[in-house]
2 protein chains.
Amino acid sequence: MNIGLIGSGNVATHLGLALHNNGHRVVQVYSRNLTHAQALASQLQAQAIDSIEALDITLDIYIIAVKDGAISTIAAQLTAFNLQGTVVHTSGSTDIAVLSGVGQNTGVLYPLQTFSKAQTIDFKKVPLLLEASNPHVLAQLDELAKGLSPHIYHYSSAQRRSLHLAAVVACNFSNYLYSVANQYLNEQGVSFDLLKPLILETAQKVQQHAPITVQTGPAVRGDQAILDMHLNMLQQQPELQQLYQVLSEGIGKLHQQEI
Amino acid sequence: MNIGLIGSGNVATHLGLALHNNGHRVVQVYSRNLTHAQALASQLQAQAIDSIEALDITLDIYIIAVKDGAISTIAAQLTAFNLQGTVVHTSGSTDIAVLSGVGQNTGVLYPLQTFSKAQTIDFKKVPLLLEASNPHVLAQLDELAKGLSPHIYHYSSAQRRSLHLAAVVACNFSNYLYSVANQYLNEQGVSFDLLKPLILETAQKVQQHAPITVQTGPAVRGDQAILDMHLNMLQQQPELQQLYQVLSEGIGKLHQQEI
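The model shown is predicted, which means the values in this text are computed figures rather than measured ones. (Residues numbered from 1 in each chain as written. Chains lettered and ligands numbered in written order. Predicted model: local features only at pLDDT ≥ 70, side-chain atom pairs only at ≥ 80, totals over all residues. Heavy atoms only, no water.)

Trainee: What's the story with the pattern of salt bridges in this structure? I'm lost.
Mentor: A side chain with one charge can pair with a side chain of the opposite charge if their charged atoms come near. Under the definition given, this model contains twelve salt bridges over all chains. Lys253(B) serves as the salt-bridge partner of Glu239(A), at 3.6 Å between the closest nitrogen and oxygen. Taken together, the positions of Glu239(A) in helix 9 (residues 238–258) and Lys253(B) in helix 9 (residues 238–258) put the pair across two chains. The closest approach of N and O atoms between Asp95(B) and Arg161(B), which form a salt bridge, is 3.4 Å. You can see Asp95(B) sitting in the loop between strand 5 (86–89) and strand 6 (106–111) and its partner Arg161(B) sitting in helix 5 (residues 157–188), a full 66 residues away along the chain. (Salt bridge = Lys/Arg side-chain N within 4 Å of Asp/Glu carboxyl O. Helix = DSSP H or I, 4+ residues; strand = E, 2+ residues; numbered from the N terminus.)

Okay, structure coming up:
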């Protein structure tokens with residue numbers, strides 16, 4: 001398919017490259033910043049544009065991969081074109097309805113993964129969540145997506161929003177806990193490297209087991225002596241002490257529910 | 001070396017098997033529960049005992065791998081034997097001093113990993129933290145440990161305690177967040193399976209990068225519209241709403257410090 005890519009950030013880059021490597025033709029890359037557009041377009045043998053007016057209106061699919069807050073602005077700009085092609089966005093938290101003024105054929109292609117330019121991603125392992133304004137578009141998105149990943153899901157905007165919230169809790173917040181542990185260990189003169197195998201194993205365990213069944217640590221054991229010792233060790237770090245208290249209480253409550 | 005294993009739980013099992021497979025001879029396995037002792041001893045071609053009085057006092061090393069709270073009880077029982085061999089415990093949070101009454105040769109061998117009987121562990125990837133009452137014992141523990149894992153560290157009881165606290169924060173608490181996300185998704189009719197690749201990628205990212213440098217999500221972007229939407233979506237889940245608020249504020253503060 002002939003594709004117009006609107007955006008040049010992490011998602012646009014990883015998605016554009018995956019589509020390009022899958023035999024699709026990314027015809028144009030749009031960014032407000034021409035240098036950014038060119039950097040990505042050159043990798044995709046595409047044309048870089050920094051004006052929406054320069055958009056080729058004959059393409060099959062336009063993919064809006066910009067910050068959540070900018071999607072409605074792009075959608076408003078596209079309204080004038082009366083596009084026949086499909087217009088999709090790639091956001092977990094944005095309703096498909098944001099595109100309703102753009103045309104009849106709209107959808108969402110949400111890759112549920114954390115993208116950073118430093119790290120390559122195996123798209124075959126990325127769940128792709130699709131939503132479409134009509135069955136024709138859904139079939140088209142299925143066709144596009146199935147070359148990228150075998151993990152295709154059809155979910156509503158509401159479900160996608162829930163999933164994005166859960167991803168923030170399970171992943172963004174976990175990474176924050178890694179940061180807090182790293183900072184604390186630096187203060188204690190201990191290398192964060194020692195924690196890395198344990199962090200990986202903790203994530204690997206829940207690939208096979210429900211997380212509630214593999215909870216370990218003093219809070220789930222009800223080991224009050226260790227909990228008290230840890231809280232006492234954190235008297236000079238009141239914020240971490242509070243975090244420790246809140247999360248340990250949460251574990252205690254969750255597992256009481258289970259018993 | 002000839003080893004006496006005191007305990008038959010997860011750590012005793014994984015450590016005993018690793019030592020056995022490394023050519024060491026586990027001579028005895030002690031547990032208060034003879035059936036538990038036998039279950040492990042049979043895998044190690046060792047003798048199962050359920051009475052401390054039956055302990056062979058000629059062994060090179062005695063490894064106390066029991067719950068933290070039970071270590072001092074075992075140590076008190078061993079005092080009477082006047083053991084010449086080395087006595088170690090395997091606890092992150094317990095001071096080496098708990099063993100001071102047992103003899104001259106004491107130490108700690110702390111494998112920093114989360115063990116469950118359901119999951120096999122590649123010991124070669126497990127950091128082993130050693131501490132000893134004298135240089136002779138440290139050399140002996142180095143010799144024992146280096147066959148199990150190349151990741152050997154010498155740390156004091158205070159540093160080991162800090163590391164254990166950090167492990168609770170980075171790993172036990174992350175697993176709790178996975179559980180909370182799982183529960184929330186169940187309520188929303190969305191499969192937790194979709195989050196699994198993202199959870200794994202989040203843990204993999206920090207193997208190569210400092211966690212603070214790869215933080216993603218609405219809180220670090222300062223995306224107040226998404227934060228407000230998420231808090232609003234959680235009005236029926238006040239505990240999760242509070243957790244979301246506390247952790248998002250934490251991310252905001254941590255990254256303000258950095259700027």
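Trainee: Before we go on, may I ask you to explain the sheet that holds strand 8 (residues 152–154) of chain B in this structure?
Mentor: All names here are of chain B. Pairing within the open sheet is mixed, and its eight strands lie in the order 3-2-1-4-5-6-7-8. In the strand order of this sheet, the two ends are held by strand 3 (47–49) and strand 8, each with one partner. Each adjacent strand pair in this sheet contributes to an overall mean axis angle of 25°, direction not counted. Two elements, strand 5 and strand 6, share three bridges in a ladder whose sense is parallel. By the bridge assignment, His 89 is partnered in strand 6 with Val 108. Contacts from helix 2 (residues 34–44) reach strand 1 (2–6), strand 2 (25–30) and strand 3, with the element oriented near 165° to strand 3. Running over the sheet, helix 4 (residues 135–146) touches strand 1, strand 4 (61–64), strand 5, strand 6, strand 7 (128–132) and strand 8 and is turned about 160° from strand 7. (Pairing = 2+ DSSP bridges. Axes fitted to C-alpha atoms, helices over the stretch in contact; angles between N-to-C directions. Contact = heavy atoms within 4.5 Å.)

Trainee: Honestly, the relation of the copies chain B and chain A in this entry has me stumped. Any pointers?
Mentor: Here the two chain copies are tied together by a rotation about an axis and a shift along that axis. Placing chain B over chain A gives an RMSD of 0.0 Å and needs a rotation angle of 180°, together with 0.0 Å of translation along the axis. Such a turn and shift between the copies fits a two-fold axis. Judged by C-alpha distance, Ser174(B) is the residue of chain B that lies nearest the rotation axis, at 2.5 Å. When you check the interface residues of chain B against chain A, 100% turn up at the interface there too, and the contact is symmetric in its surfaces. (Least-squares fit on C-alpha atoms with pLDDT ≥ 70 in both.)

Trainee: What am I meant to see in the interface of chain B and chain A here?
Mentor: Buried accessible area, meaning the area lost when the parts come together, often serves as the stated size of an interface. Residue-level contacts link 86 residues of chain B with 86 residues of chain A. The tally of links between chain B and chain A comes to two salt bridges. On inspection of chain B and its partner chain A, the count reaches 15 residue pairs in polar contact (both at pLDDT 80 or more). Contributing elements (two or more residues each) for the side of chain B that touches chain A: helix 5, helix 6 (196–208), helix 8 (224–233) and helix 9 of chain B. With 27 residues, helix 5 of chain B is the single largest residue contributor to the side of chain B that touches chain A. Broken down by class, the residue content of the side of chain B that touches chain A amounts to 50 nonpolar, 28 polar and eight charged. (Polar contact = N/O pair within 3.5 Å; in protein donor to acceptor, adjacent residues only side chain to side chain. Nonpolar A, V, L, I, M, F, W, Y, C, P; charged D, E, K, R; others polar.)

Trainee: Please clarify how empty space enclosed by the protein should be interpreted in this entry.
Mentor: Counting across every chain of the model gives one cavity of 30 Å³ or more. The space that makes up the largest cavity amounts to roughly 60 Å³. Looking at the lining of the largest cavity, the elements with two or more residues in it are helix 5 (157–188) of chain A together with helix 6 of chain B. (1 Å grid on protein atoms, 1.4 Å probe; cavity = no way out; pocket = protein on both sides within 12 Å on 5 of 7 lines; lining within 4 Å. Points joined across faces, edges and corners; volume = space filled by probe spheres on them.)

Trainee: Would you mind showing me how to read helix 4 of chain B here?
Mentor: Each α-helix winds once per 3.6 residues, and so residues spaced three or four apart point in a common direction. Residues and elements named next belong to chain B. The terminal C-alpha atoms of helix 4 lie 16 Å apart, and with twelve residues this matches the ideal 16 Å at 1.5 Å per residue to within 8%. Those residues of helix 4 lying buried are Val 137, Gln 140, Leu 141, Leu 144 and Ala 145. Looking straight down helix 4, one finds that the buried residues subtend no more than 130° of arc, so they occupy a single side. Across from the buried face of helix 4, at angles greater than 90 degrees, the exposed residues are Pro 135, His 136 and Lys 146. With a side-chain oxygen lying 3.0 Å from the backbone nitrogen of His 136, the N-terminal cap of helix 4 falls on Asn 134. (Expected span 1.5 Å × (residues − 1). Buried < 20%, exposed > 50% of the residue type's maximum accessible area, 1.4 Å probe, protein only. Arc of directions from axis to C-beta.)

Trainee: Would you explain the side chain of Asn175(A) in this entry?
Mentor: Structurally, Asn175(A) can be placed in helix 5. On the basis of relative accessible area, Asn175(A) is assigned to the buried category, the value being 3%. In this structure, Asn175(A) is in contact with Thr202(B), Val206(B), Pro211(B), Val214(B) and Gln215(B), ignoring residues within four places of it in sequence.

Trainee: Sorry, what's going on with the confidence of the model for chain A here?
Mentor: Low pLDDT marks regions whose predicted coordinates should not be analysed in detail. Mean pLDDT for chain A: 94, with 97% of residues reaching 70 or above. Both confidence scores are given for the complex: pTM 0.87, ipTM 0.87. (pLDDT = per-residue confidence, 0-100.)

Trainee: Just checking my understanding: could you explain the side chain of Asn172(B) for this structure?
Mentor: Locating Asn172(B) in the fold gives a position in helix 5. In this structure, Asn172(B) is in contact with Gln215(A), Thr216(A), Gly217(A), Pro218(A), Ile251(A) and Ala167(B), ignoring residues within four places of it in sequence.

Trainee: Can you walk me through the packing of helix 8 (residues 224–233) of chain A against helix 5 of chain B in this structure?
Mentor: Helix packing for two helices is described by the angle between their axes and how far apart those axes are. Where helix 8 of chain A contacts helix 5 of chain B, the axes come no closer than 11 Å and their chain directions differ by 105°. One element, helix 8 of chain A, and the other, helix 5 of chain B, form an angle in the roughly perpendicular class. Residues Ile226(A), Met229(A), His230(A) and Met233(A) of helix 8 of chain A form the contact with helix 5 of chain B, whose own contacting residues are Arg161(B), Ser162(B), His164(B), Leu165(B) and Val168(B). For the contact of helix 8 of chain A with helix 5 of chain B, the residue count by class is five nonpolar, three polar and one charged. (Parallel < 35°, antiparallel > 145°, perpendicular 65-115°, else oblique.)

Trainee: When you look at the environment of Leu17(A) in this model, what are you seeing that I'm missing?
Mentor: Residue and element names in this part refer to chain A. Counting through the fold element by element, Leu 17 comes out in helix 1 (residues 10–21). Exposure remark for Leu 17: the relative accessible area of 24% places this residue in the partly exposed category. Here the alpha-carbon distance between Leu 17 and Leu 40, two residues 23 residues apart in the chain, equals 8.8 Å. If near-sequence neighbours (up to four positions away) are discounted, Leu 17 is found in contact with Gln 43 and Leu 44.

Trainee: I keep staring at the sheet that holds strand 3 (residues 47–49) of chain A and nothing clicks. Help me out?
Mentor: Note: strands within a sheet are paired through backbone hydrogen bonds, in either parallel or antiparallel orientation. All names here are of chain A. One open sheet holds the eight strands; their spatial order is 3-2-1-4-5-6-7-8, and the pairing between them is mixed. At either end of the open sheet lies a strand with only one pairing partner, and these are strand 3 and strand 8 (152–154). Pairwise comparison of adjacent strand axes, ignoring direction, gives a mean angle of 25° for this sheet. Together, strand 1 (2–6), strand 2 (25–30), strand 4 (61–64) and strand 6 (106–111) form the strand contacts of helix 1, whose direction differs from that of strand 1 by roughly 170°. Packing of helix 2 (residues 34–44) onto the sheet brings it into contact with strand 1, strand 2 and strand 3, and relative to strand 3 it is tilted by some 165°.

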